Every structure is written in structure tokens, then in C-alpha cells.
Amino acid sequence: MGANPMRAWQVLRHAEPSDALQQVEVARPEPGAGQVRIAVRAAAVGLPDVFMCRGTYPLTPPGVFVPGQEVAGVVSATGPGTSVAIGTRVMAITDFVHGHGGFADETLADADNVYAIPAGIDDAEAAGFLIAYLTAWIGLVTRAALHPDETVLVLGATGGTGSAAVQLAHALGATVIGVVNGDAKVQSCRELGADHVIDRSQERIAEAVCRVTDGRGAHIVYDPVGGTLAGDAMRAVASEGRFLLVGFASGAWPEIDAARVVMGNFAVMGVYVGATTRPEREAMLEQLFELVASGALRLQVDTRPFHDLPAALTDVAAARARGRIVVLRD
């Protein structure tokens, strides 16, 4: 193991997070060509990590591995062919597909997925920034071409992905309708920037949207949930609207009713960060950072201690998270 081992949470078997994870001591990973090693200060907790614990995520590594897709920290070592300076404070998408995730004292990331953290964004905010906010920007701005006078309906509005869309849509001047499950999340959704909140445990989405919009419907539906919930939301899209397929927090992608799409006169669009280039992501991040610096985009995270990771993942699995959960190195 070497003279300087580190702590890491490993998935030893496929199960619920509390049974799958164990904190162990392992050797610090060495960066390969085009990689950097990052001393982790904060690591974001997301539903893909739950799915990896269960072994149901498409990019789950084989064997024993460390999960955790996103981190913030300081570059501690570099591999051949990298230009990132040691000591740089960065946010990054980890090399989790090869088992080097962020729930450890140090992790690896491809240099192409590493970005300097601007002043004004702390480690906890930076850890959960890249995937959620880039996805929101691609969906709302690049794919859907959001206009400030439009209405955006966000499913799973207090989750890690949905909350970013609520915040960004609000920052861009749209009218935001958030969908939550349970009265306890209504106020949290309003605090994120939603103008209207639908508690889907109390009323159907399509009927509530019709009421809120005077029968017009939502110009854009942002769907990180999928499943049957998406089917109901498709009945709430305005003519010439856009339905954004973002994720499948429910465990299944929605079934697309072609007749409904045609008769409703709206478009269905896929949203995927991995389809963009590094220069495209840099341009998007520059605009997102400007919104943060101006105060238009206000980041909200729920911080937990490193040792509390299984409980944090259990909260995500049970949809109890409000915003992005981040574990901090202690």
C-alpha cells in the first residue's frame, strides 16, 4: 500500500449504499498520461452514485471501486502531457469510470475534465457545479433557446439536477414552475427561485400547469426524472414548446408518445454534456461564472462530513435531498 495511504469509500458489492460502501485505506493513485491527481476538499453526491452502488448505472466500473463523479480540490500531482500546475484550485469530473471516484482523500481526473475555480465560488459550491449547471445550460440555452418571457417547468425541482435548472431559469428571467413530491419541499423550491410550485402528491402536473398558465402550458419542460411522471408532464407542453430529456431519476426513461408529440406540436430533445467539446464547455462556464459573480445565479448546497457519505447517499436514494449534497473532507 505504501507509506502514505489515504482514506477512500469503496463499493465492495452491489447493494444499497449503506451495505455497499466501506471506508478503507488504500494507496494514493498515480496520474497517467493526460491526467492529474487532486487532493479532494469536497465531493458532490448524486443519484448516479446510488445507481453505481446498486450496479445499475451504465458506467459502473467492474470489481471494487471508489464512486463519486465530481470534486473540488487542489492539484497534487500531474501525469505526462498535462499543463495544469500543481497547487491549482480546481473543480473536476473524476475518472470514476475506471474506479477513481471522488469519495477519497485524493482522486484522478483527465485534464480535459478539470477547470480552475473562479474567485467567489467555495469548494462545496464548486464540487457540484460542473455536471448540473452545464446540463442546465445546454438544455435551457443551447437546445431550447430559452427566452426571458417563457415559462419553464422543472421536474424533480429540489433534486441535484432539477435545482440547478430552477436556479438557472430564474437567473435568465424565465417564469419557473417547480414540481416536488410532498409539502416539505415546497418552500425549498421557492427559495431556489421557483415562481410556482406543484406538489405532485396533491395534484396532477398537467392540470396544475394548465391552471397556473391560464391553459397555455409550459414553453419548456426540463425532465431529469423520466418514467410515468414525464408522461404526465408531456401533457403540459405548450404548442411549439420543447420537452428536454435530461435523466432518469425514476429508474426509467419515459416512453415517447409520438401521436402526442405531433398533436401537441412540440419538440422532444436530448440533453447530454458528454456531446460537447472542451472549448464549448469553457464558453458555457464563462457565462455561468458571470451569472454567479453578478449575484443572478445563487448556488445552494447541503454539506455533510466525509464519514457521513452512506447516509447522504441514502437521502439521495430516498429523494430527501434538497439541492446538491456535498461531502467535505475533514
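Residues numbered from 1 in each chain as written. Predicted model: local features only at pLDDT ≥ 70, side-chain atom pairs only at ≥ 80, totals over all residues. Heavy atoms only, no water.

Secondary structure summary: the protein chain contains 11 helices and 15 strands in total. Its C-alpha atoms give the protein chain a radius of gyration of 20 Å, within 12% of the compact-globule value 20 Å for 330 residues. Overall, the protein chain is about 65 × 40 × 35 Å in size when its C-alpha atoms are taken along their principal axes. The proportion of buried residues among the 330 residues of the protein chain is 55%. If you sum the accessible surface of the protein chain, you get close to 13,600 Å²; carbon and sulfur atoms cover 51% of it. (Helix = DSSP H or I, 4+ residues; strand = E, 2+ residues; numbered from the N terminus. Rg over C-alpha atoms; globule rule 2.2 N^0.38 Å. Buried < 20%, exposed > 50% of the residue type's maximum accessible area, 1.4 Å probe, protein only. Areas by Shrake-Rupley, 256 points an atom, 1.4 Å probe, with all protein chains shown as cover.)

Now for the environment of Gly32. Among the secondary structure elements, Gly32 is positioned in the loop between strand E2 (21–26) and strand E3 (35–45). Given a relative accessible area of 27%, Gly32 falls into the partly exposed group. A sequence separation of 48 residues divides Gly32 from Pro80, and the C-alpha atoms of the two residues are 6.8 Å apart. Sequence-distant contacts of Gly32, defined by excluding residues within four places in its chain, comprise Gly79 and Pro80. (Contact = heavy atoms within 4.5 Å.)

What follows concerns the side chain of Thr158. Along the polypeptide, Thr158 turns up in the loop between strand E8 (151–154) and helix H5 (160–171). Once residues lying within four places of it in the same chain are set aside, the contact partners of Thr158 are Ser163, Val180, Lys185, Ser188, Cys189, Leu192, Ala321, Arg322 and Gly323.

The backbone of Asp214 shows a phi angle near 55°, a positive value even though the residue is not glycine. By the secondary structure assignment, Asp214 is in the loop between helix H7 (205–212) and strand E11 (218–223).

Tallied over the full model, the rule gives 5 aromatic pairs. Measuring from centroid to centroid gives 6.4 Å for Trp9 and Phe306, while their planes differ by 50°, and the two rings are tilted. In this pair, Trp9 sits in strand E1 (residues 6–11) while Phe306 sits in the loop between strand E14 (301–305) and helix H11 (309–317), placing the two residues 297 residues apart along the sequence. Side by side, Trp9 and Phe306 carry an identical accessibility label, which is buried. Measuring from ring centre to ring centre gives 6.0 Å for Phe51 and Phe248, while their planes differ by 5°; the resulting arrangement is stacked. In this pair, Phe51 is assigned in helix H2 (residues 47–54) and Phe248 in the loop between strand E12 (237–245) and helix H9 (258–264), connecting sequence segments 197 residues apart. (Phe/Tyr/Trp six-rings, centres within 6.5 Å; stacked < 30°, edge-to-face > 60°.)

One key point about sheets: their strands pair by backbone hydrogen bonds, in either a parallel or an antiparallel sense. Pairing is parallel in the open sheet, where 6 strands are placed in the order E10-E9-E8-E11-E12-E13. At either end of the open sheet lies a strand with only one pairing partner, and these are strand E10 (196–199) and strand E13 (267–270). Strand after strand, the sheet turns through a mean of 20° between neighbouring axes, direction not considered. The sheet contacts of helix H4 (residues 130–143) involve E8, E11, E12 and E13, and relative to E11 the element is tilted by about 150°. Seen against the sheet, H5 touches E8, strand E9 (175–180) and E11 and runs at an angle of roughly 170° to E8. (Pairing = 2+ DSSP bridges. Axes fitted to C-alpha atoms, helices over the stretch in contact; angles between N-to-C directions.)

By the definition in use, this model includes 19 salt bridges. Taking the shortest distance from any N to any O, the salt bridge between Asp232 and Arg204 comes out at 3.3 Å. Of this pair, Asp232 sits in helix H8 (residues 227–233) while Arg204 is found in the loop between E10 and H7, placing the two residues 28 residues apart along the sequence. Note on Asp232: relative accessible area 8%, which makes it buried. With its nearest N and O atoms 3.0 Å apart, the salt bridge here joins Asp302 to Arg304. Among the charged side chains, a network of salt bridges with common partners joins Arg7, Asp105, Arg329 and Asp330. (Salt bridge = Lys/Arg side-chain N within 4 Å of Asp/Glu carboxyl O.)

Listing the buried residues of H7 in full gives Ile205, Ala206, Ala208 and Val209. Across the axial projection of H7, the buried residues extend over an arc of 165°, all falling on one side. Among the structural elements, E8, E9, E10, E11 and H8 are those in contact with the buried residues of H7. Just beyond H7, the residue with positive phi is Asp214, at close to 55°. (Arc of directions from axis to C-beta.)

Here we come to the environment of Ile86. Along the polypeptide, Ile86 turns up in the loop between strand E4 (70–78) and strand E5 (89–93). For Ile86, a relative accessible area of 57% corresponds to the exposed category. The contacts of Ile86, once residues within four sequence positions are left out, are Val75, Ser76, Ala77 and Thr78.

A separate point is the side chain of Thr135. With respect to the element layout, Thr135 can be found in helix H4. On the basis of relative accessibility, which here comes to 9%, the residue Thr135 falls in the buried class. Polar side-chain contacts of Thr135 include one of 2.6 Å to the backbone oxygen of Ile131. Not counting chain neighbours up to four residues away, the residues in contact with Thr135 comprise Leu130, Tyr222, Val246, Val271 and Val273. (Polar contact = N/O pair within 3.5 Å; in protein donor to acceptor, adjacent residues only side chain to side chain.)

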